[in-house]
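# Residue-level structural notes
Read off the chains here:
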Amino acid sequence: FFKKEASRIYKRGVEVAGENVHLLQPWGYLESRMGNFDRARSLFRRAVKLDPTHGPTYHAWATMESDRVGDFSAARDVFKAGTANDPNCPGLWQAWARLEASQGHFLVSRRLFGQAVACAPDRVAIWYSWARCEAKSGHVKLARELFATGLKLDPKFTVMWQAWAEFEEGLGHYDVAKQILAKGLSLNPNQERVWLGMAHVEVHHGNYARAREIFSEATTTMPAADALPLYQAWADLEAKLGEVVRAKELLRKGIALGRSSGAAGVDNTNRFVHAMHALATLEYRGGNVSEGKRLYEEALRFEPNSPHVLHCLSVLEMRHGRLSKARSLLKRGTSSWPHDPLMLTASAELEWRVQKTTGNAEAGKSKARAIYQQAVDLVPGDHKALKSWAEMEHKWGEKHNRNKLLRRAKVLRKTGPTAYSLSGGQHP
């Protein structure tokens with residue numbers, strides 16, 4: 001609802017104030033986030049026609065093509081036009097560099113990052129992105145130099161301490177990783193990312209007792225308003241170790257502390273939603289369907305159009321035979337997210353289940369496959385839609401189709417973006 005209303009406001013603003021790049025660019029970005037890619041392109045074109053040197057427009061347009069649509073060639077064309085017309089926009093060079101690195105073109109990426117830091121040598125986020133890409137390329141010495149440079153500029157850029165430690169850990173330098181995180185923590189004692197990094201290093205090496213000690217210390221050290229991600233990470237560990245009761249206790253405690261602290265704002269709302277979503281999923285998987293449903297519904301009161309919660313609740317409803325309720329939830333989801341793969345994959349399963357109840361299971365499979373194909377076509381670089389489709393083929397006993405889809409998903413997972421990997425979504 002809010003995104004649609006915002007779109008209407010942008011439209012009205014342009015009608016009243018006339019063509020304005022500062023309205024057209026954010027309007028185009030909004031439409032891209034809603035999955036309205038053709039409309040977004042039209043708005044971006046209008047914006048760059050008004051101001052061919054407006055780097056943020058090219059940036060929003062190109063990242064839509066690469067990250068949302070999966071058309072890397074189109075993204076490169078936009079980046080080339082943007083950097084030619086606004087060569088002093090560091091964000092353009094940085095985003096283009098990340099695209100090339102994601103495709104394994106590390107020499108090209110290195111040159112583009114060089115252009116970015118030449119434009120903004122004090123922007124730590126560029127050094128961070130460059131370091132991550134060099135770490136991925138295997139250029140160990142350069143990656144370390146870049147991490148060090150960025151942290152010298154801003155020691156409180158905590159995500160960089162975490163990334164550097166993960167890099168060293170991946171090289172087998174367990175003690176070095178711990179030293180990096182310890183130094184980061186000494187400079188940032190109330191930063192959740194560094195605490196999470198320390199715990200994750202121990203988890204990766206099977207030191208679960210030590211990881212629990214770190215989580216315990218972190219949750220008592222951090223302000224209550226900021227501790228919920230730590231409780232959720234701790235709960236994730238306990239759930240993976242089979243301690244589901246303990247996991248649920250931790251999630252409930254984290255949610256309660258966050259509420260009592262009066263935490264507010266978009267970030268904390270998202271944290272509440274993710275934590276309640278995780279708790280709902282644990283309850284449902286443990287057979288407590290009614291409590292799982294209640295928690296999903298409570299999460300929706302915080303974020304009424306959360307795509308991953310709407311998706312999970314609709315799947316829960318359909319798998320318990322409440323097809324009309326599932327359809328209502330999906331209608332609500334697709335109204336806000338008409339091109340979201342989560343909504344489409346759930347809709348595909350629902351279509352099959354509806355047809356099955358009328359004795360037309362085979363027709364339902366055909367309709368479901370068409371919807372799955374629509375989800376795959378929507379974001380060609382996404383692998384999760386293919387995996388969801390493969391799960392249904394497995395359910396139908398179509399082993400050959402399942403294996404073929406999983407092979408495609410495996411290739412995409414290595415090369416392409418994921419449309420909704422950051423949504424926090426899990427199947428119930």
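Above: the structure in question.
One structure accompanies this document, and this report is about it.

What counts as what
- Residues numbered from 1 in each chain as written.
- Predicted model: local features only at pLDDT ≥ 70, side-chain atom pairs only at ≥ 80, totals over all residues.
- Heavy atoms only, no water.
- Helix = DSSP H or I, 4+ residues; strand = E, 2+ residues; numbered from the N terminus.
- Buried < 20%, exposed > 50% of the residue type's maximum accessible area, 1.4 Å probe, protein only.
- Contact = heavy atoms within 4.5 Å.
- Areas by Shrake-Rupley, 256 points an atom, 1.4 Å probe, with all protein chains shown as cover.
- Lys, Arg positive; Asp, Glu negative; His and termini not counted.
- Charge placed at Lys NZ, Arg CZ, Asp CG, Glu CD.
- Expected span 1.5 Å × (residues − 1).
- Phe/Tyr/Trp six-rings, centres within 6.5 Å; stacked < 30°, edge-to-face > 60°.
- Core = buried A, V, L, I, M, F, W, Y, C linked by side-chain atoms within 4.5 Å.
- Salt bridge = Lys/Arg side-chain N within 4 Å of Asp/Glu carboxyl O.
- Arc of directions from axis to C-beta.

## Digging into the overall build of the protein
The secondary structure content of the protein amounts to 23 helices and zero strands. Dimensions along the principal axes, computed over C-alpha positions, put the protein at roughly 65 × 60 × 50 Å. Within the protein, buried positions represent 50% of all 428 residues. Contacts in the protein between residues at least 24 apart in sequence constitute 56% of all its contacts with a sequence separation of at least 6. Carbon and sulfur atoms form 52% of the exposed surface of the protein, whose accessible area is close to 20,100 Å². Taking the average place of the 62 positive charges on the side chains of the protein and the average place of its 45 negative ones, the gap between the two points comes to 4 Å.

## Focus on helix 17 (residues 289-302)
Relative to the 20 Å expected for 14 residues at 1.5 Å per residue, helix 17 spans 20 Å between its end C-alpha atoms, a close match to the ideal helical length. Looking at helix 17, one finds that the buried residues are E291, G292, L295, Y296, E298, A299 and L300.

## A word on the packing of aromatic side chains
Inspection of the entire model under this criterion finds twelve aromatic pairs. Seen from their ring centres, Y128 and F157 are 5.7 Å apart, and the 65° between their planes marks the pair as edge-to-face. Linking Y128 in helix 8 (residues 124-137) with F157 in the loop between helix 9 (140-153) and helix 10 (158-170), this pair joins segments that are 29 residues apart in sequence. F157 gets classed as partly exposed once you look at its relative accessible area, which sits at 21%. Look at Y372 and W389: their rings are 5.8 Å apart centre to centre, the planes differ by 5°, and that puts the pair in the stacked class. In this pair, Y372 is assigned in helix 21 (residues 361-378) and W389 in helix 22 (residues 384-395), connecting sequence segments 17 residues apart.

## A word on the nonpolar core
Counting residues in hydrophobic clusters, the biggest one holds 121 residues, and the most contacted among them are F79, F147, M160 and M318. Of the residues forming this core, the biggest block, nine residues, is contributed by helix 16 (residues 266-285). Within the second largest apolar cluster, six residues are counted, among which are V14, L24, L43 and A47.

## As for the pattern of salt bridges
In the structure shown here, the tally under the stated rule is 26 salt bridges. E291 is the partner of R252 in a salt bridge, and the nearest nitrogen-oxygen pair spans 3.2 Å. Remark: E291 occurs in helix 17 and R252 occurs in helix 15 (residues 244-260); sequence separation between them is 39 residues. Given the relative accessible area of 16%, E291 is considered buried. Close ionic contact of E317 with K293 constitutes a salt bridge, the shortest N to O distance being 3.4 Å.

## Considering helix 13 (residues 208-221)
Quick reminder: α-helices carry 3.6 residues per turn. Residues three or four places apart thus point the same way. Taking 1.5 Å per residue as the helical rise, helix 13 with its 14 residues ought to reach 20 Å, and the 20 Å between its terminal C-alpha atoms agrees with that figure. Within helix 13, the full set of buried residues consists of A211, I214, F215, A218 and T219. Seen along its axis, helix 13 keeps its buried residues to an arc of 125°; they face one direction. Turned more than 90 degrees off the buried face of helix 13, the exposed positions are A209 and T220.

## Concerning the side chain of S306
Checked against the element boundaries, S306 lands in the loop between helix 17 and helix 18 (307-319). Residue class for S306 comes out buried when judged on its relative accessible area of 0%.

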